[in-house]
Protein chains: 2
Amino acid sequence: MDNKIHQINKIAVVGTGVIGNGWIARFLAQGFDVIAFDPAEGAEQRTQKAIDQAWPSLVKIGLADGAAQNRLTFMPTIEEAVCEADLIQENVPEREDLKKSVLASIDAYAKPEAIIGSSTSGIMPSTLQEGLKHPERLIVAHPFNPVYILPLVELVAGKETSAAVMDRAKNFYASIEMKPLIIRKEIEGHLADRLMEALWREALHLVNDGVATTEEVDAAIIYGAGLRWAQMGPFLTFHLAGGEKGMRHMLEQFGPTLKLPWTKLEAPELTDELKEKVITGCETHAGDTTIAEMEEKRNAFLVELLDLVESYWPETTATEKVVVKQ
Amino acid sequence: MDNKIHQINKIAVVGTGVIGNGWIARFLAQGFDVIAFDPAEGAEQRTQKAIDQAWPSLVKIGLADGAAQNRLTFMPTIEEAVCEADLIQENVPEREDLKKSVLASIDAYAKPEAIIGSSTSGIMPSTLQEGLKHPERLIVAHPFNPVYILPLVELVAGKETSAAVMDRAKNFYASIEMKPLIIRKEIEGHLADRLMEALWREALHLVNDGVATTEEVDAAIIYGAGLRWAQMGPFLTFHLAGGEKGMRHMLEQFGPTLKLPWTKLEAPELTDELKEKVITGCETHAGDTTIAEMEEKRNAFLVELLDLVESYWPETTATEKVVVKQ
């Protein structure tokens, strides 16, 4: 009902860096009118260049009816950019003070029912909605680069965000071929970036300690975990690595390694409660599919994925170099 | 030269759990005679089942001339299993005391020039080679599940490992369609598992803190970072996320977030030296390829990968459920 009343037709994009431009390309490809604002010199030219770069992929993915690059308009002021928009996507640099002041102007000029989605990768929505006239329509809608291809978007509600707005946002982002993931609790870094950041920090430690070069770290991920993560993420991956008994066996076998100094990251206490959360989580996720059935599917997938990786990146790894060098 | 003298024809696999069986399947598919030993009851039947499960994928990948399941023989004693082997792959449970005693027997019965590769995911080779008669032929050769498909194998030398053995091992694992990654420094967890473990620990914290379910964590990886990691790993991924200036810009922009409480993992100090290591590492890796060229290639790859993921895992994510539930 609510969705019918507040159709999203016009979208404003405030801040046109790599992420803002990624949003613009996706919105245009999905057949929307997009109004953009960015005070930086040459912003419009950079955006056009970014769209040109993205368009071939978007054509391959499939354009919506009426999708056209010329449905983008840059406005000279933030007021003109947002005043008629049904959804405003904010992508200014990751500084709390800057984001808050820009969001305050957006809030001042936007229609009250317009949704404001912040692309912040780390700041909590409750912080961003402080002092807004209409805080209930502010959410975090955090995408992943390249925004015009990767489907994940994390949706986070702040203390004052209304359920109706979250629901409209979820439906909207799902309607533009994205996978909206609703985050249950506000935390800095949300969900995906916390996971990425943990790996990223350990990677920096390893490079810093001279254990590996950046290229070797990349190779260690590409040809091992990366292939599996693209497929089923860390939990189901371990569920399958556990053999017939799945995650239950996995935790028995590798639970103890949590105590070892394997990373610079301190592990949580593997309490029975946590164990059950993890085990039942995987078992629920797996549903009626047996481990053997999942393995079959995983294998078929990995064989194809491996072909794909090899066809695109045959020469760019540390391991290749190792073999060539000898 | 050395390689000619010590051809690897016969392989022994000691310990036939998920990893040991994965090795057996790969070795058989590569056309080797494999001798296996595992004292556990029903081990031989479980191994046959595992091979049956793996074989269709191996056929798809392509069997070597003469590859046959019946070239596997189980032996009743470890002595009979290893005495004629040119390479022995050890895969007993991840307990230092157990591994050391099994490796001592292997060392006692194996030909002096035979290579002993331990599949240990965390123990350092210098620890494992303590007290061996021929410590110079002991290396860590750590694979990833499913071993018969994933190409990555981490090779780690211990203090007493000879360069000739490492060289033979590297050539051997490369010859069976693997990507041998030589780890520069011995550390617990080697390289890949440290990275995986960092993400795994953060994931456990997030589930423990009620931020996400295991399925939501998986979705957060699959549709975001996972797709990128399968392609180019964390460093080159960020190099591209940095726009035209690549990693240099990335570190300027997101370096500060290292100070934020984004994970439970403490970040390293982002010194100029570390910055340079990371930046030049990425730039060297990228070589003459421009960011724009890499983006084009990345996009084409991601579009295909996304199709692949969708065709295999259309319904198994938290995000799908979110959309369906409403």
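Values in this document were obtained by computation on a predicted structure and should not be read as measured data. (Residues numbered from 1 in each chain as written. Chains lettered and ligands numbered in written order. Predicted model: local features only at pLDDT ≥ 70, side-chain atom pairs only at ≥ 80, totals over all residues. Heavy atoms only, no water.)

With respect to the helices and strands, Ile222 of chain B occurs in helix H9 (residues 214-241). The exposure class of Ile222 of chain B is buried, given its relative accessible area of 4%. C-alpha of Ile222 of chain B to C-alpha of Val309 of chain B: the two residues are 87 residues apart in sequence and 8.7 Å apart in space. In contact with Ile222 of chain B, not counting residues within four places along its chain, are Trp229, Ala230, Gln231, Met232 and Gly233 of chain A together with Leu227 and Val309 of chain B. (Helix = DSSP H or I, 4+ residues; strand = E, 2+ residues; numbered from the N terminus. Buried < 20%, exposed > 50% of the residue type's maximum accessible area, 1.4 Å probe, protein only. Contact = heavy atoms within 4.5 Å.)

Laying chain B over chain A is done by rotating through 180° and shifting 0.0 Å along the axis; what remains is an RMSD of 0.0 Å. The symmetry that links the two subunits is that of a two-fold axis. In this assembly, 100% of the residues forming the interface of chain B have copies in chain A that are likewise at the interface, indicating an isologous arrangement. (Least-squares fit on C-alpha atoms with pLDDT ≥ 70 in both.)

Our next topic: the environment of Glu94 of chain A. Residues and elements named next belong to chain A. Relative to the elements of secondary structure, Glu94 occurs in the loop between strand E4 (87-90) and helix H5 (96-109). It is 8.1 Å that separates the C-alpha atoms of Glu94 and Ile123, two residues lying 29 residues apart in sequence. Setting aside anything within four residues of it in sequence, one finds Glu94 in contact with Lys99, Thr120, Ser121, Gly122 and Ile123. A polar contact of 2.5 Å, which involves the side chain of Glu94, links it to the side chain of Thr120. In this structure the side chain of Glu94 is engaged in a polar contact, spanning 3.0 Å, whose partner is the backbone nitrogen of Gly122. (Polar contact = N/O pair within 3.5 Å; in protein donor to acceptor, adjacent residues only side chain to side chain.)

Here we take up the UniProt feature "binding site: NAD(+)" (unreviewed entry) in chain A. Residue and element names in this part refer to chain A. Here, UniProt's "binding site: NAD(+)" (unreviewed entry) annotation points to Gly15, Thr16, Gly17, Val18, Ile19 and Gly20. Structurally, Gly15 can be placed in the loop between strand E1 (10-14) and helix H2 (18-29). By relative accessible area, which is 7% here, Gly15 ends up buried. Those residues in contact with Gly15 that lie beyond four places of it in its chain are Gly20, Phe37, Asp38, Asn91 and Val92. As for its placement among the helices and strands, Thr16 is situated in the loop between E1 and H2. Owing to a relative accessible area of 5%, Thr16 belongs among the buried residues under this scheme. Beyond its immediate stretch of four places on either side in the chain, Thr16 contacts Asn21, Ile24, Ala36, Phe37, Asp38, Ala43, Thr47 and Phe74. (UniProt positions renumbered as here; feature names shortened; annotations may be inferred.)

Here the focus is the confidence of the model for chain A. Model confidence for chain A is summarised by a mean pLDDT of 87, while 90% of its residues fall at 70 or above. On the interface metric, ipTM, the complex scores 0.87, and its pTM is 0.86. (pLDDT = per-residue confidence, 0-100.)

Time to look at the packing of helix H9 (residues 214-241) of chain A against helix H11 (residues 272-286) of chain A. Residues and elements named next belong to chain A. The N-to-C vectors of H9 and H11 enclose an angle of 90°; their axes lie 10 Å apart at closest approach. Here H9 is positioned roughly perpendicular relative to H11, judged by the angle of their axes. In contact with Phe235, Leu236 and His239 of H9, H11 contributes Val278, Cys282, Glu283, His285 and Ala286. Split into classes, the residues belonging to the contact of H9 with H11 amount to five nonpolar, two polar and one charged. (Axes fitted to C-alpha atoms, helices over the stretch in contact; angles between N-to-C directions. Parallel < 35°, antiparallel > 145°, perpendicular 65-115°, else oblique. Nonpolar A, V, L, I, M, F, W, Y, C, P; charged D, E, K, R; others polar.)

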